[in-house]
Amino acid sequence: MSKTHVKMTVNGKAVEALAEPRTLLIHFLREELDLTGPHIGCDTSHCGACTVDIDGKSVKSCTVFVGQVEGADVTTIEGIAQPDGTLHAVQEAFRQHHGLQCGFCTPGMITRAWRLLQENPNPTEEEIRFGISGNLCRCTGYQNIVKAIQAAAEELSVKEAAE
Ligand code: FES
Ligand code: FES
């Protein structure tokens, strides 16, 4: 199959590549860019393990062709910590509140929570649960994920108040 030329920014770096038009973004990220944090948990767009951020929106990267993100700004879990390795408040809160077990849903879950807290910096429990309803987890029962997101929201608002 003939390849198309794709150009985008991924985790702040310019990326240019040739890819078959049928290539799903999740495969491009994992196989071409070695960004293997985003995972594949289904083939029906339900699980959200493949969630990345595209131009300020949470997107299931298994449901996007690479050509559709031409020129876009993409963030994956690998781009969420500070360049010096300091974890983002959401990552730290998942650790502290035991919001992960096997870790397979976690890259998608954190990338979604990161965007959710930008959409709604002070969500209620119900808003958190609804806000992550596109992300399935087999291990945690969600409770600690909700706690982690609540803790991250508090941490981020304290930080913002201090600035
Ligand atoms: S892999 Fe399940 S929604 Fe993308
Ligand atoms: S931690 Fe295992 S699927 Fe969520």
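To be clear, the structure that these remarks concern was listed above.
> Would you mind showing me how to read the overall build of the protein here?
Along the protein, the regular secondary structure elements total five helices and five strands. Order of helices (α) and strands (β) in the protein, N terminus to C terminus: β-β-α-β-β-β-α-α-α-α. Here the protein displays about 9,000 Å² of accessible surface, and carbon together with sulfur accounts for 50% of that area.

> I would appreciate a short explanation of the side chain of Asn135 in the present structure.
Mapping Asn135 onto the fold places it in the loop between helix 4 (125–131) and helix 5 (143–162). A polar contact of 3.4 Å, which involves the side chain of Asn135, links it to the backbone oxygen of Gly108. Once you skip the residues sitting within four places of it in the chain, Asn135 turns out to touch Cys47, Gly48, Thr51, Gly108, Met109, Arg112 and Tyr142.

> Help me understand the sheet that holds strand 4 (residues 57–60) in this model?
Adjacent strands of a sheet form backbone hydrogen bonds with each other and so pair up, either parallel or antiparallel. The mixed open sheet is built from five strands, whose spatial order is 2-1-5-3-4. At either end of the open sheet lies a strand with only one pairing partner, and these are strand 2 (13–19) and strand 4. When the angles between neighbouring strand axes are averaged without regard to direction, this sheet yields 40 degrees. Judged from the seven bridges that link them, strand 1 (residues 4–10) and strand 2 form a sheet pairing that is antiparallel. Bridging from a neighbouring strand, His5 pairs with Leu18 of strand 2. Its contacts with the sheet place helix 1 (residues 25–32) against strand 1, strand 2 and strand 3 (51–54), and it is angled at close to 75 degrees to strand 1. The sheet contacts of helix 3 (residues 106–119) involve strand 3, strand 4 and strand 5 (73–75), and relative to strand 3 the element is tilted by about 35 degrees.

> Is there a simple way to think about helix 2 (residues 89–96) in this case?
An α-helical segment advances 3.6 residues per turn. Residues three or four places apart therefore align on the same side. Taken together, the buried positions of helix 2 are Ala89, Val90, Gln91, Ala93 and Phe94. Among the structural elements, helix 3 and helix 5 are those in contact with the buried residues of helix 2. Just beyond helix 2, the residue with positive phi is His98, at close to 55 degrees.

> What is the right way to look at the environment of Arg115 in this model?
One can find Arg115 in helix 3. Separated by 34 residues in sequence, Arg115 and Ala81 place their C-alpha atoms 14 Å apart. Sequence-distant contacts of Arg115, defined by excluding residues within four places in its chain, comprise Asp53, Gly56, Lys57 and Ser58.

> Could you clarify how one ought to interpret the packing of aromatic side chains in this entry?
In this description, an aromatic ring pair is defined by two values, namely the gap between the centres and the angle between the planes. Summed over all chains, the structure comprises zero aromatic pairs. Sitting over the ring of Trp114, Arg115 keeps its end group 5.2 Å from the ring centre.

Here is what the cut-offs are and how they apply
- Residues numbered from 1 in each chain as written.
- Chains lettered and ligands numbered in written order.
- Predicted model: local features only at pLDDT ≥ 70, side-chain atom pairs only at ≥ 80, totals over all residues.
- Heavy atoms only, no water.
- Helix = DSSP H or I, 4+ residues; strand = E, 2+ residues; numbered from the N terminus.
- Areas by Shrake-Rupley, 256 points an atom, 1.4 Å probe, with all protein chains shown as cover.
- Polar contact = N/O pair within 3.5 Å; in protein donor to acceptor, adjacent residues only side chain to side chain.
- Contact = heavy atoms within 4.5 Å.
- Pairing = 2+ DSSP bridges.
- Axes fitted to C-alpha atoms, helices over the stretch in contact; angles between N-to-C directions.
- Buried < 20%, exposed > 50% of the residue type's maximum accessible area, 1.4 Å probe, protein only.
- Phe/Tyr/Trp six-rings, centres within 6.5 Å; stacked < 30°, edge-to-face > 60°.
- Lys NZ or Arg CZ within 6 Å of the ring centre and 35° of its normal.

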